[in-house]
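# Structural overview
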Amino acid sequence: EAKVTKLRKEIYGKLSPYQRVQLSRHFDRPFTLDYVKYMFSDFMELHGDRLFRDDPAIVGGTARLGEVPVMIVGHQRGRTTQERLKRNFGMPNPEGYRKALRLMKSADKFGIPVISFIDTPGAYPGLEAEERGQGEAIARNILEMTRLKVPIIIVIIGEGASGGALGIGVGDRVLMLENTWYSVISPESCSSILWRSWEYKETAASALKLTAKDMKRMNLVDKVIKEPEGGAHRNQQKTFEIVKSNIISSYNELKSLSSENLVSNRMEKYSNMGVYSS
């Protein structure tokens, strides 16, 4: 057992960027509804965007974090083949983002914080999604989230791909689990565009700087949450406890701020992102 523990620490202590990408996709990693079940109470799921239909790829609803009422939104994948098809492998359509926006605006109306869980390979790129305004739906969410007058806490629990993640990813605190990734494009897609092949996906992963450590170093996320030894899938209960304590800590930092300060700080935070030279 001592040898196994030592070997596990050595292996997981020096994972390559692409190995962390693979770990973020592990079949047994907890999904949004797993976090909701074990971290919150009185969850009541709300459905539909009031425009077209409900999108199972994004779930949301009211719940309690201890005694604090909150609004939860998040991507939801699926474990069985049937559930994966139902939830479109966690790739939302425009109505998913419009549902999320409806719920977040309700939270704003009633003055309760928003907690968003990100885990998606990207927004659904199908023809019907584009016909229904995929780009506009994501852009609208980004704009509206900057204006919400309640605390917004984002937690990246798996894959954070492109606009699919950004559509529910603008917040006052952005927390990122250790073995997750956040980037404009997946390593495989990047490799296929630049080299016309998936063979260079590991090179692409390194070049994209998509790991939690890279994101923190570039000030694109606020905190990296260390996972249990071997990854979140090896000890889900401990992962829930760690994530919950970080969410509570973040909320305690934000709850005393006025709505004006929340919005101005959020705008300043995102305005300062990015480095360029002329």
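Residues numbered from 1 in each chain as written. Predicted model: local features only at pLDDT ≥ 70, side-chain atom pairs only at ≥ 80, totals over all residues. Heavy atoms only, no water.

### Some points on the layout of surface pockets
Reported here for the largest pocket is a volume of approximately 290 Å³. In this structure, the largest pocket is lined by 14 residues; those nearest its centre are Leu166, Tyr182, Ser183, Met215 and Leu220. Listed by contribution, the elements that provide at least two residues to the lining of the largest pocket are α8 (162-166) and β7 (181-183). A per-element tally of the lining of the largest pocket places α8 first, with 3 residues. For the lining of the largest pocket, the per-class residue count stands at 9 nonpolar, 4 polar and 1 charged. Size it by volume and the second largest pocket reaches roughly 230 Å³. Among the secondary structure elements, those contributing two or more residues to the lining of the second largest pocket are α2 (17-24) and α11 (212-217). Residues that form the lining of the second largest pocket fall into these classes: 4 nonpolar, 3 polar and 6 charged. (1 Å grid on protein atoms, 1.4 Å probe; cavity = no way out; pocket = protein on both sides within 12 Å on 5 of 7 lines; lining within 4 Å. Points joined across faces, edges and corners; volume = space filled by probe spheres on them. Helix = DSSP H or I, 4+ residues; strand = E, 2+ residues; numbered from the N terminus. Nonpolar A, V, L, I, M, F, W, Y, C, P; charged D, E, K, R; others polar.)

### So, the pairing of strand β4 (residues 114-120)
The buried fraction of β4 is high, at 7 of 7 residues. Covered by surrounding structure in β4 are Val114, Ser116, Ile118 and Thr120 together with Ile115, Phe117 and Asp119, the residues of both alternating faces. Two elements, β4 and strand β5 (residues 152-161), share 6 bridges in a ladder whose sense is parallel. Within the sheet, the bridge partner assigned to Phe117 lies in β5 and is Val155. (Buried < 20%, exposed > 50% of the residue type's maximum accessible area, 1.4 Å probe, protein only. Pairing = 2+ DSSP bridges.)

### Considering the packing of helix α9 (residues 187-195) against helix α10 (residues 201-208)
Contact geometry of α9 with α10 gives a least axis separation of 8 Å together with a crossing angle of 105 degrees. Relative to α10, the element α9 lies roughly perpendicular. Along its contact with α9, which presents Pro187, Glu188, Cys190, Ser191 and Trp195, the element α10 presents Lys201, Thr203, Ala204, Ala205 and Leu208. When its residues are assigned to classes, the contact of α9 with α10 shows 6 nonpolar, 2 polar and 2 charged. (Axes fitted to C-alpha atoms, helices over the stretch in contact; angles between N-to-C directions. Parallel < 35°, antiparallel > 145°, perpendicular 65-115°, else oblique. Contact = heavy atoms within 4.5 Å.)

### Topic: the pairing of β5
Taking burial as the measure, the 10 residues of β5 include 10 buried ones, the bulk of the element. Relative to strand β6 (residues 173-177), β5 runs parallel, the two sharing 4 bridges. Note that in β6 the partner of Ile154 across the bridge is Val174.

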